[in-house]
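So you can see what is in the structure, the chains are spelled out below.
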Amino acid sequence: MKLGGGLVGAVMAVVGLAVGGVAATSAGAAPPARSDCHRDTPPLIRDGFPEPPLRYSRGGLLETSMRASIGPVTMDGRRTIAMNYEGSYPGPTLVVCAGDRMIVHFKNDLPDPTNLHTHGFHISPSGNQDNVYLDIKPGQRFTYRYQIPLDNPPGAYWYHPHHHMYVEPQIFGGLAGAIVEEGGLDRLPSLRHVPQRWMMIESSEVRDGKVLPVADSVEADTPLRVNGVVNPTVKIRPGQLQRWRIFNANDNRIVVLHLAGQNLQVLAEDGNTLPRAKSVGDLMIAPGSRREVLVRGGPPGSYPLKAKPFAQFPGGEQPKNGGPTPNQTVLTVRSAGKRAAVEPAAPHGALSHPVDLRRAHVDRRRKIVFNETPLPGDNTAFTFNGMTFDPNRVLTMKLNSLEEWTLVNANTEWHTFHIHVNDFQVISVAGRRVPYIDYEDNVAIPPNSSVVIRMRPTDFTGKFVFHCHVTFHEDHGMMAAVQVVRDPSAAQLKAASTSSAGLTLESAAYGSNEDPTYASAVTDARSFFLLCQLSATHAVADRRRVTAPRAD
Ligand SMILES: [Cu+2]
């Protein structure tokens, strides 16, 4: 087992094990074997392609240290100062199985508060699990103890900081790592021998050997790195099939990927295996989302995987002014060598049989409007139904009930909707029904358009959040709290609107067939005050690149 990228990582990992007293490895005793799901998985290609350190669960447990700090990492083969987990950019890849426990000995050696979010995990949001309300101050330690449920779908997840108002600077600074839960597709006979690559796409701007603070960067221009390297080479043989798990770990950027010479065969979205493989020429991945794809080696030659120009923040010619991002090469596929005699065929037919919520009875409907309100001093409040994030304003969902949410983007720029703990089924995008069963934990919402989703919170009660995963928007207010309870009170089941300060967002009554009415957006005084404070703290005045043009 490879524990760490360098000596520090390895030592930290060993210390981590010793702290928990798990691997009672007195000299000579063998460590526990890897958890069952890691047996006979498709091989991970180790041919010089950049790869963060891998940490596998053993005997049903992944116990690891996780130190967040600012210090040297290797980026593009060079020593670079960045925010990092365990001295690595990206952080170590955690490889687990459904049903495993995960113990993370977290240490905050950053100058700011932080915490850890297991993005996409269907896991408890409470206590020392996926609790984004934790405030781990500089110098503090915290031990996370996660119980990964047996029904957490195998697939691609990731971890990143989730302390409100620090998410964007910390992700851009370098804090992100992959989590892979094995099983699922790994067991499909047609994929058992298809080798894999795991690719964390991040953007951090480097100058003079240091990652710039996000506030000093022109973000849309920032190069995209795959596992810490600009434009790495992917070797493939003509005819060879490879399976890539792609993580968009950018703080803000949507990427639209296009591989020269072929379509990508999409197998899974946000850890959810699709009912059937989907062939796409352009693959859009929202910040925070993951996609699994199959790629076939073409005739000998080089094939760039491009991030196509994309106007995420319309309003100008240059990225700085909100124009399209430049055409960037994310990686280069080099097809060479002998064509193998027998290459596996791509899977065809059903890959999975997800529960379809399209015909199910809806218990409650809500409407969430994503909007932006100008503030004094060239600042912008990013709001849901006119309100910025207030941890004490909590919307209530009933455990095991079915909710339908209409997500309205009232702006000329893109937003995304991400919710913790429970994934949702995307029903329609911009008025068009999705023709298959499409589960995601983060969906992009086109400008001046809407997306309808359905979800049924199961297994876990507790309080968590939903937000835009353009993390600049999230940090500047576009987030709200939600709790799942077994037996909601009468007040929690009533229809509610933004004008009743304190309880819920725009909701029809539980059990009603009504669509909620949308009250006109207001930024309440308290939110306004918080936003002004926030603007002062983060000096966002010069950072208009992620704000949409003002409405005239
Ligand atoms: Cu947004």
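Because the structure is a prediction, the values reported are computed rather than measured.

(A) Structural context of the overall build of the chain. Looking only at helices and strands, the chain features five helices and 36 strands. A buried classification covers 49% of the 552 residues belonging to the chain.

(B) Region of interest: the sheet that holds strand E26 (residues 394-398). With mixed pairing, the five strands of this open sheet are ordered in space as E26-E35-E34-E28-E32. Either end of the sheet is taken by a strand with one partner, and the two such strands are E26 and strand E32 (442-445). For this sheet the average axis-to-axis angle between neighbouring strands, irrespective of direction, equals 25°. The pairing of strand E34 (residues 462-467) with strand E35 (residues 479-485) spans six bridges and is antiparallel.

(C) Expanded view of the environment of glutamine 147. With respect to the secondary-structure elements, glutamine 147 resides in strand E7 (residues 141-147). Judged by the 13 C-beta atoms lying within 10 Å of it, glutamine 147 is partly exposed. Spatially, the C-alpha atoms of glutamine 147 and isoleucine 103 are 8.9 Å apart, while their sequence positions differ by 44 residues.

(D) Up close: the sheet that holds strand E21 (residues 290-296). On the basis of which strands lie adjacent, the open sheet formed by seven strands has the order E14-E13-E10-E16-E21-E18-E19 and mixed pairing. Unpaired on one side and paired on the other, strand E14 (229-230) and strand E19 (272-280) mark the two borders of the sheet. Sheet topology places strand E10 (residues 196-203) next to strand E13 (residues 224-226); three bridges connect them, and they run antiparallel. Across the sheet, the residue bridging to serine 203 is leucine 224, located in E13.

(E) Local environment of the nonpolar core. Ranked by size, the top nonpolar core spans 116 residues in total, and within it Ile201, Phe247, Phe370, Leu407 and Ile453 carry the most contacts. Broken down by element, this core gets its largest block of residues, five residues, from strand E2 (residues 61-75). Apart from residues no more than four positions distant in its own chain, phenylalanine 370 is found in contact with Phe384, Leu407, Val408, Asn409, Ala410, Asn411, His415, Ile445, Cys468 and Met478.

(F) Up close: the environment of glycine 184. Among the secondary structure elements, glycine 184 is positioned in the loop between strand E9 (177-181) and E10. Taking the C-alpha atoms as reference points, glycine 184 and proline 154, 30 residues apart in sequence, are found 5.3 Å from one another. The contacts of glycine 184, once residues within four sequence positions are left out, are Pro153, Pro154, Gly155 and Thr273.

(G) A look at unusual backbone geometry. Geometrically, the link from tyrosine 89 to proline 90 is a cis peptide bond, its omega value of -10° lying close to zero. By the secondary structure assignment, proline 90 is in the loop between strand E3 (78-85) and strand E4 (91-96). Even without glycine at this site, alanine 430 takes up a positive phi of about 50°. Summarising the element assignment, alanine 430 is placed in the loop between strand E29 (424-429) and strand E30 (432-433).

(H) Main features of the environment of aspartate 130. Looking at the element boundaries, aspartate 130 is found in the loop between strand E6 (117-119) and E7. You can call aspartate 130 buried: it has 27 C-beta atoms within 10 Å. For the pair aspartate 130 and histidine 119, spaced eleven residues apart in sequence, the C-alpha to C-alpha distance is 8.6 Å. Not counting residues up to four positions away in its chain, the partners in contact with aspartate 130 are His117, Thr118, Phe121, Ile123, Ser124, Pro125, His420 and Val421.

(I) View of the pairing of strand E33 (residues 449-455). Relative to E33, strand E27 (residues 403-409) runs antiparallel, the two sharing seven bridges. The partner of tryptophan 405 across the bridge, within E33, is isoleucine 453. Of the strand pairs in this sheet, E29 and E33 are connected by four bridges, and their pairing is antiparallel. Across the sheet, serine 428 pairs through a bridge with valine 452, a residue of E33.

The rules behind each value
Residues numbered from 1 in each chain as written. Predicted model: local features only at pLDDT ≥ 70, side-chain atom pairs only at ≥ 80, totals over all residues. Helix = DSSP H or I, 4+ residues; strand = E, 2+ residues; numbered from the N terminus. Buried ≥ 20, exposed ≤ 12 C-beta atoms within 10 Å, placed from the backbone. Pairing = 2+ DSSP bridges. Axes fitted to C-alpha atoms, helices over the stretch in contact; angles between N-to-C directions. Core = buried A, V, L, I, M, F, W, Y, C linked by C-beta atoms within 7 Å. Contact = placed C-beta atoms within 7 Å.

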